[in-house]
Amino acid sequence: MRGNSLVELVLIVGVALALALGIQAFLVKPYRIPSESMEPTLDVGQRVLVSRFNYKFSDPDRGDIVVFHPPEGASSNECGASHPENQVCPRPIPREDSVNFIKRIVALPGDTVSVRNGYAVVNGKEQHPDYIRPCSPGTCDFPRPIKVPPDHFFMMGDNRGASDDSRFWGPVPEDWIIGQAFFTYWPVGRVGIL
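Below, the structure is looked at part by part. Quantities reported herein were computed from a predicted structural model and do not represent experimental measurements. (Residues numbered from 1 in each chain as written. Predicted model: local features only at pLDDT ≥ 70, side-chain atom pairs only at ≥ 80, totals over all residues. Heavy atoms only, no water.)

### A few points about the environment of Pro171
Structurally, the position occupied by Pro171 is in the loop between α3 (166–169) and β10 (172–173). The exposure class assigned to Pro171 is buried, which follows from its relative accessible area of 0%. (Helix = DSSP H or I, 4+ residues; strand = E, 2+ residues; numbered from the N terminus. Buried < 20%, exposed > 50% of the residue type's maximum accessible area, 1.4 Å probe, protein only.)

### Side note on the sheet that holds strand β5 (residues 112–116)
Pairing within the open sheet is antiparallel, and its four strands lie in the order β7-β6-β5-β8. The open sheet terminates on both sides in strands that have one partner only, identified here as β7 (125–126) and β8 (142–147). In this structure, strand β6 (residues 119–122) lies alongside β7, joined through two bridges in antiparallel fashion. Counterpart to Val121 in the pairing with β7 is Glu126. (Pairing = 2+ DSSP bridges.)

### Considerations on the side chain of Thr184
Topologically, Thr184 is positioned in strand β11 (residues 177–186). Of note is the side chain of Thr184, whose polar atom sits 2.8 Å from the side chain of Gln46. A polar contact is formed between the side chain of Thr184 and the backbone oxygen of Arg47, at a distance of 3.0 Å. Apart from residues lying up to four places away in sequence, Thr184 is in contact with Gln46, Arg47, Val48, Arg190, Val191, Gly192 and Leu194. (Polar contact = N/O pair within 3.5 Å; in protein donor to acceptor, adjacent residues only side chain to side chain. Contact = heavy atoms within 4.5 Å.)

Here it is, written out as structure tokens:
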């Protein structure tokens, strides 16, 4: 009788573990915010849930907060193409890194994008959403536009002066996007939908 209880407990724990791993691998994965690049929207240490299946049914959209693999060399701001100093990086290094970044999509495939004082200028219109923490005037200017390549997305952190993003290492291929952040669950005072 006691042996059956032990087998049952092991089986329950095994099934629960398999379900948890399956959910993280295919449906929803938790992430911890590692830097101040998404402030004030997301603080360092805040935790979010990321849907790994949203983009199976719809395309990523401008304004989405996404977790993705940046290009190899992103930590040292390496660009995959030579370009003028007054232009954002037009093309990433063609190899993805194994680390995860979280940023906001500001421009879609085929959009033209430049940056003025940290604000994205998309298709000629300067974007001024209220969640942006802009750069100091004159410090984040890349006025010469690029066209975002097909199947690529231009990512920027909300805290523009403290974010290493597509301005420096280029647009991100859609295949490198892990999923969309949709809910924050920690700390308790910040629980809510993104």
